[in-house]
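# Notes for the structure review
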Amino acid sequence: MLFREFAELCDRFETISSRLAMIDTLAEIFPFLSLEDLPVFVRFMRGKIFPDWSSERLRFGPRLLYEVLAYVIGKKQQFVISAINSSGDTGLVVEKLLEKREQTMFLSDDLELLEVYARFLQMAKMSGRKSQQERMRSALYLLSNASPLEGRYLSRLMLEEMRIGVGEGVVHEAISKGFSVPINIVERAHQALNDLGEVAFLAKTDPTALANVHITSFRPVKVMLAQAGSIANMVMAHGFLAAENKYDGSRFQFHKVGDQTAIYSRRLEEMTASLPDVIAMLSAATDHDVIIDGEIIAMQNGKPMPFQMVLRRIRRKRDVTAVTNTIHIHPCVFDILVCDGETLIDRPLSERRKILESVMKNFVTPQIVSDLPEVIENYYHAALDSGNEGIMLKALHSPYLPGNRGKLWIKIKPEVDTIDLVVTGAEWGEGKRAKMFGSFLLACQDENGELLELSRVATGIDDAMLAELYDLFKDKIVAKRDKTVVFEPDVVFEVGYAELQKSTTYAAGYALRFPRFVRLRDDKDPSEVETIDSLFHRYGMQNKA
Ligand code: AMP
């Protein structure tokens with residue numbers, strides 16, 4: 001398939017608003033794609049270059065893209081940045097700029113879909129001193145040979161943001177329809193494989209294998225998530241429940257086969273190099289080949305330490321031993337997904353728990369099972385007293401649903417009005433803070449994942465945290481203007497506030513009154529930040545109270 005054909009299809013999708021029409025169109029296309037094109041096409045449609053389980057990254061941020069684009073069109077980088085700042089849509093700006101260039105260029109080579117993928121893969125694998133230059137050279141090749149429309153989607157792919165409205169559910173249904181396989185098999189296979197491209201490939205080549213997929217070691221699956229809820233409702237809905245402490249740490253997924261081990265974060269990034277002590281503890285605790293799920297917490301004198309300590313450990317990639325001696329961390333294991341090659345996610349929690357207890361000699365989290373609200377209530381208060389965030393309640397019959405934030409797992413914690421938002425920019429500080437960022441611009445998301453700004457936060461950040469934030473954000477700057485900078489939207493803040501107000505200042509239509517920085521949530525993905533729907537709900541609840 002030519003990349004031009006892919007780009008034309010994407011352009012067509014931008015004009016389709018009906019979900020059914022999208023499903024039908026994709027279902028018609030899928031069976032005609034070659035076995036090589038199909039998985040790449042499916043991932044690209046979703047704005048993904050590599051499988052979700054893969055830790056491969058293009059490592060080509062907006063700054064490099066602007067530099068290469070400036071070169072391709074023969075203008076200064078500032079010209080490109082100004083154009084992007086005034087439009088806000090990188091893809092459309094790239095297209096427009098390439099249109100202007102086109103009048104002065106001879107015809108370029110046709111790009112193949114697979115060739116684009118191969119170039120991206122090459123870019124991801126480049127390492128060493130000159131790798132940045134080499135990556136830029138590859139991007140230069142692609143953009144120089146791209147038509148304006150191809151440029152729109154090449155740049156969006158490089159930034160992994162397609163904006164064509166093709167959601168995961170649409171692709172599931174299109175695979176189901178296009179290859180005549182039941183939707184539940186497609187969804188289950190996607191949870192276990194964590195790669196829609198491979199799901200489509202199997203649906204085309206081997207539907208029986210699709211119905212029997214297993215989780216593969218060293219290909220992390222998404223973690224199961226929880227909703228907020230109440231003890232009474234949960235007991236009413238499910239009867240007997242498992243209750244566990246809600247540890248205030250960072251999620252991990254540990255994979256072990258023989259002597260080979262790896263550990264991944266909630267965002268499925270590999271953390272193996274940062275956590276040799278945790279790996280040693282977990283490896284020593286079992287003789288089995290496992291994939292287990294849990295939370296790592298920092299401890300001092302038997303008491304949990306602030307969550308930031310865990311993040312400090314995880315972020316540390318060099319001189320790890322220096323911090324392993326000062327920040328002791330401890331794994332709390334609460335689930336098992338695979339044991340000795342058998343995928344367990346469809347089994348009920350009660351069975352998985354028995355297996356977990358029989359294969360792990362240590363670190364399994366304490367748990368009570370009860371259907372009595374008052375017993376669970378007491379457990380909750382004890383959890384808070386011992387320094388935990390609250391408790392988790394889990395339906396005993398619940399399968400493990402990767403990536404799902406349903407009602408089978410519920411979190412109970414004290415009511416505090418905090419909200420998770422993604423940081424989109426900052427303003428430089430003043431006086432002795434002039435070389436650091438002083439206030440941060442925050443955004444929530446709409447139903448398509450588009451970011452909508454709704455507040456700035458400057459309070460609640462001490463000098464040490466300001467310095468830490470400067471370090472974290474300095475490589476994420478994509479544009480500078482006077483006293484403000486724009487960031488690649490990659491980091492999540494948890495922010496407290498007194499009240500939500502309607503506002504015409506911010507795109508979200510709301511603003512936070514008295515916003516206050518609570519903590520950095522760099523274990524959370526920007527796709528997990530507050531949605532405009534839940535903001536609306538918060539506003540309604542607040543005005544009812
Ligand atoms: P939240 O981050 O507020 O959505 O809460 C869900 C998170 O709580 C999970 O992603 C885990 O990182 C964490 N957690 C802490 N203790 C547990 C537990 N016992 N079971 C499941 N998740 C837990």
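Computed from a predicted structure; not experimentally measured.

What follows deals with the overall build of the protein. Counting secondary structure elements, the protein contains 21 helices and 20 strands. Over its C-alpha trace the protein gives a radius of gyration of 24 Å, about what one expects of a compact globule, namely 24 Å for 545 residues. Structurally, the protein occupies a C-alpha span of about 75 × 65 × 50 Å along its principal axes. Taking contacts inside the protein between residues at least 6 apart in sequence as the whole, the part at least 24 apart equals 71%. When the accessible surface of the protein is summed, it comes to about 24,900 Å², and 52% of that surface belongs to carbon and sulfur atoms. Taken as two groups, the 67 positive and 76 negative side-chain charges of the protein have centres that lie 5 Å from each other.

Attention now goes to the packing of helix H1 (residues 3-15) against helix H2 (residues 19-29). Look at H1 against H2: their axes get within 11 Å of each other, and the N-to-C directions meet at 160°. Regarding the angle of H1 to H2, the classification is roughly antiparallel. Crossing of H1 over H2 shows right-handed handedness. Listed contacts from H2 to Leu9, Arg12 and Phe13 of H1 are Met22, Thr25, Leu26 and Ile29. Residue composition of the contact of H1 with H2, grouped by class: 5 nonpolar, 1 polar and 1 charged.

Its location among the elements puts Ile296 in strand E5 (residues 290-300). Not counting chain neighbours up to four residues away, the residues in contact with Ile296 comprise Gly249, Ser250, Phe252, Leu275, Val278, Val310, Ile314, His330 and Pro331.

As a further point, take the site of the ligand. What surrounds the ligand is a group of 17 residues, the closest being Glu244, Arg251, Glu295, Lys394 and Lys411. In this structure, an oxygen atom belonging to the ligand sits 2.8 Å away from a side-chain N or O atom of Arg251. At 2.4 Å from an oxygen atom of the ligand is found a side-chain nitrogen or oxygen belonging to Glu295. Taking 490 Å² as the accessible area of the ligand by itself, protein coverage stands at 97%. Listed by contribution, the elements that provide at least two residues to the shell around the ligand are strand E2 (241-246), strand E10 (390-395) and strand E11 (405-412). Here the shell around the ligand is composed, by residue class, of 5 nonpolar, 1 polar and 11 charged.

Moving on to the nonpolar core. Within the largest apolar cluster, 94 residues are counted, with the highest numbers of intra-cluster contacts made by Phe30, Phe44 and Phe120. Ranked by residues supplied to this core, first place goes to helix H4 (residues 62-73) with 8 residues. With near-sequence residues (within four places) excluded, Phe30 lies in contact with Leu38, Phe41, Val42, Val171, Ala174, Ile175, Phe179 and Lys204. If you look at the next biggest cluster of nonpolar residues, it comprises 32 residues, including Phe440, Leu454, Val457 and Leu472.

With 9 of 11 residues buried, strand E12 (residues 418-428) is to be regarded as a mostly interior element. Of the strand pairs in this sheet, E12 and strand E17 (residues 492-496) are connected by 5 bridges, and their pairing is antiparallel. Across the sheet, Leu421 pairs through a bridge with Phe493, a residue of E17. Bridge analysis of E12 against strand E16 (residues 484-487) gives 3 bridges, and the strand direction is antiparallel. Residue pairing for E16: Glu427 is matched across the bridge by Thr484.

Moving on: the packing of helix H10 (residues 168-178) against helix H12 (residues 196-205). Contact pair H10 / H12: the axes reach a minimum separation of 10 Å and the direction vectors enclose 10°. One way to sum up the angle between H10 and H12 is to call them roughly parallel. Across the interface between the two elements, Glu168, Val171, His172 and Ile175 from H10 touch Leu196, Val199, Ala200 and Ala203 from H12. In the contact of H10 with H12, the residues fall into 6 nonpolar, 1 polar and 1 charged.

What follows deals with the pattern of salt bridges. Across all of its chains, the model carries 44 salt bridges by this definition. Here Arg163 and Asp89 are joined by a salt bridge, their closest N and O atoms 3.2 Å apart. With a gap of 74 residues between them, Arg163 in the loop between helix H9 (148-158) and H10 and Asp89 in the loop between helix H5 (77-87) and helix H6 (90-102) connect regions that are remote in the sequence. According to the relative accessible area criterion, Arg163 is partly exposed, its value standing at 31%. On the accessibility criterion, Asp89 (12% relative accessible area) is buried. A salt bridge links Glu528 to Arg266; the nearest nitrogen and oxygen atoms lie 2.4 Å apart. Note that Glu528 is positioned in the loop between strand E20 (516-520) and helix H21 (532-544) and Arg266 in the loop between strand E4 (260-265) and helix H15 (276-284), a separation of 262 residues in sequence. Taken together, the shared-partner salt bridges connect Asp11, Glu14, Asp89, Glu95, Arg152, Arg156, Glu161, Arg163 and Glu450 into one network.

Its place among the elements puts Lys246 in strand E2. A distance of 2.8 Å separates a polar atom in the side chain of Lys246 from a polar atom in the side chain of Glu389. When sequence neighbours within four positions are dropped, the list of residues in contact with Lys246 reads Asn388, Glu389, Gly390, Ile391, Met392, Lys411 and Lys413.

Counted by the stated rule, this structure contains 1 cavity of 30 Å³ or more. Roughly 70 Å³ of internal volume is contained in the largest cavity. Val42, Arg43, Arg46, Lys48, Phe50, Pro51, Asp52, Glu168, His190, Asp195, Leu196 and Gly197 are the residues that line the largest cavity. Partitioning the lining of the largest cavity into residue classes produces 4 nonpolar, 2 polar and 6 charged.

Further remarks concern the domain arrangement of the protein. When the parts come together, some accessible area is lost, and that loss is often what is quoted as the size of the interface. The domain architecture assigned to the protein consists of domain 1 (230-412) and domain 2 (418-544). Distance from the C-alpha centre of domain 1 to the C-alpha centre of domain 2: 29 Å. Contact residues are listed per partner, giving 11 residues for domain 1 and 13 residues for domain 2. Roughly 1,200 Å² of surface becomes buried between domain 1 and domain 2 when both sides are summed, with 32% attributable to carbon and sulfur atoms. Among the residues domain 1 hides against domain 2, the three largest losses belong to Arg266, Arg267 and Arg315. Together they make up 51% of the total. In this assembly, domain 1 and domain 2 are joined by 7 salt bridges. Across the contact surface, domain 1 and domain 2 share 7 residue pairs in polar contact (both at pLDDT 80 or more). The leading source of residues in the side of domain 1 that touches domain 2 is helix H16 (residues 307-315), at 5 residues. Here the residues of the side of domain 1 that touches domain 2 are counted per class, giving 2 nonpolar, 2 polar and 7 charged.

Cut-offs and rules
Residues numbered from 1 in each chain as written. Predicted model: local features only at pLDDT ≥ 70, side-chain atom pairs only at ≥ 80, totals over all residues. Heavy atoms only, no water. Helix = DSSP H or I, 4+ residues; strand = E, 2+ residues; numbered from the N terminus. Rg over C-alpha atoms; globule rule 2.2 N^0.38 Å. Contact = heavy atoms within 4.5 Å. Areas by Shrake-Rupley, 256 points an atom, 1.4 Å probe, with all protein chains shown as cover. Lys, Arg positive; Asp, Glu negative; His and termini not counted. Charge placed at Lys NZ, Arg CZ, Asp CG, Glu CD. Axes fitted to C-alpha atoms, helices over the stretch in contact; angles between N-to-C directions. Parallel < 35°, antiparallel > 145°, perpendicular 65-115°, else oblique. Left-handed = near helix turned anticlockwise from the far one by under 90°. Nonpolar A, V, L, I, M, F, W, Y, C, P; charged D, E, K, R; others polar. Near = heavy atom within 4 Å. Polar contact = N/O pair within 3.5 Å; in protein donor to acceptor, adjacent residues only side chain to side chain. Core = buried A, V, L, I, M, F, W, Y, C linked by side-chain atoms within 4.5 Å. Buried < 20%, exposed > 50% of the residue type's maximum accessible area, 1.4 Å probe, protein only. Pairing = 2+ DSSP bridges. Salt bridge = Lys/Arg side-chain N within 4 Å of Asp/Glu carboxyl O. 1 Å grid on protein atoms, 1.4 Å probe; cavity = no way out; pocket = protein on both sides within 12 Å on 5 of 7 lines; lining within 4 Å. Points joined across faces, edges and corners; volume = space filled by probe spheres on them. Domains from an automatic or database assignment. Buried area = accessible area lost by both parts, 1.4 Å probe.

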